[in-house]
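A closer look at the structure
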Amino acid sequence: DELRKRIVNACSAIFVGVGATFYCGEEIFNFLLAPTRKALPPGVKLIYTQPGEAFSLYITVALIAGVVVSSPFIMYQVWAFIAPGLYAKEKRLAIPFVLLTTAMFLLGSSFNHYIAFPFMMAFFGSFNTPDLAFMPKLEDVFGLYTKMLIGMGIVFQMPTVVLFLAKMRLITARFLITNLKYAVLIIFIVAAVITPTGDMMTQAIFAAPMLGLYALSIVIAWIVVPRRQPWE
């Protein structure tokens with residue numbers, strides 16, 4: 001019952017966010033595709049082949065914008081779902097949890113928008129030759145962008161999760177360092193699973209920030225623990 005309540009609240013917030021951002025759909029659409037257009041080879045344009053394809057993408061853009069706008073409320077619903085199982089001192093972390101998860105999701109989305117996705121599109125476009133025409137389909141490109149956006153937003157939650165686990169004394173810097181080799185293996189497996197395409201380039205684009213975030217998580221865990229427990 002509690003889970004259903006939180007899901008309904010989150011979906012309601014997304015619905016309100018979609019309604020608030022729908023009328024700005026064209027501006028948001030151009031903003032999201034601007035890095036992709038710059039990464040394409042000269043003279044290459046995005047195409048669409050179905051009559052309603054472009055319109056449906058505007059709806060998708062409004063949905064993504066609605067999720068981003070309502071993300072603080074969504075993160076609060078996540079916290080409200082797990083809060084009953086926590087102690088009183090742990091429940092005081094609600095506001096930092098909402099703020100950090102929202103900030104890291106936006107940071108991950110920005111990393112995808114300005115770095116990861118344009119780099120990947122430029123790589124795919126580099127195979128454009130006089131004999132091979134690179135003509136990416138609008139729906140395919142935006143679908144890939146959406147999947148990478150969500151993937152990066154989730155990946156960038158790693159430091160936040162480690163911070164709160166360290167605050168609750170459930171994880172330590174020593175534990176993270178000791179299991180580094182396993183973490184690297186798991187990171188590449190996770191990158192392979194969440195990568196929207198099957199190529200090694202996209203997998204590397206996902207794995208690289210995860211390795212950096214894992215290193216940052218070690219530093220965070222070391223800072224959070226008491227100084228009297230070196231490396232723990």
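Residues numbered from 1 in each chain as written. Predicted model: local features only at pLDDT ≥ 70, side-chain atom pairs only at ≥ 80, totals over all residues. Heavy atoms only, no water.

1. Comments concerning the side chain of Ser70
Looking at the element boundaries, Ser70 is found in helix H3 (residues 53-82). Within polar-contact distance, the side chain of Ser70 engages the backbone oxygen of Gly66 at 2.6 Å. For Ser70, the contacting residues outside a window of four places in its chain are Ala13 and Ile14. (Helix = DSSP H or I, 4+ residues; strand = E, 2+ residues; numbered from the N terminus. Polar contact = N/O pair within 3.5 Å; in protein donor to acceptor, adjacent residues only side chain to side chain. Contact = heavy atoms within 4.5 Å.)

2. Looking at the packing of aromatic side chains
Applying the stated criterion across every chain, the model contains five aromatic pairs. Both rings, one in Phe142 and one in Tyr145, keep their centres 5.8 Å apart while their planes meet at 25°; by these two values the pair is stacked. Separated by three residues within a single helix, Phe142 and Tyr145 lie in helix H6 (residues 138-155), roughly one turn from each other. For the pair shown, Phe142 and Tyr145 are each scored as buried. (Phe/Tyr/Trp six-rings, centres within 6.5 Å; stacked < 30°, edge-to-face > 60°. Buried < 20%, exposed > 50% of the residue type's maximum accessible area, 1.4 Å probe, protein only.)

3. Here's the deal with the environment of Met158
For Met158, the position within the fold is in helix H7 (residues 158-167). The sequence separation of Met158 and Met210 amounts to 52 residues, and the corresponding C-alpha distance is 8.0 Å. Sequence-distant contacts of Met158, that is, excluding residues within four places in its chain, are made with Met210, Leu213, Tyr214 and Ser217.

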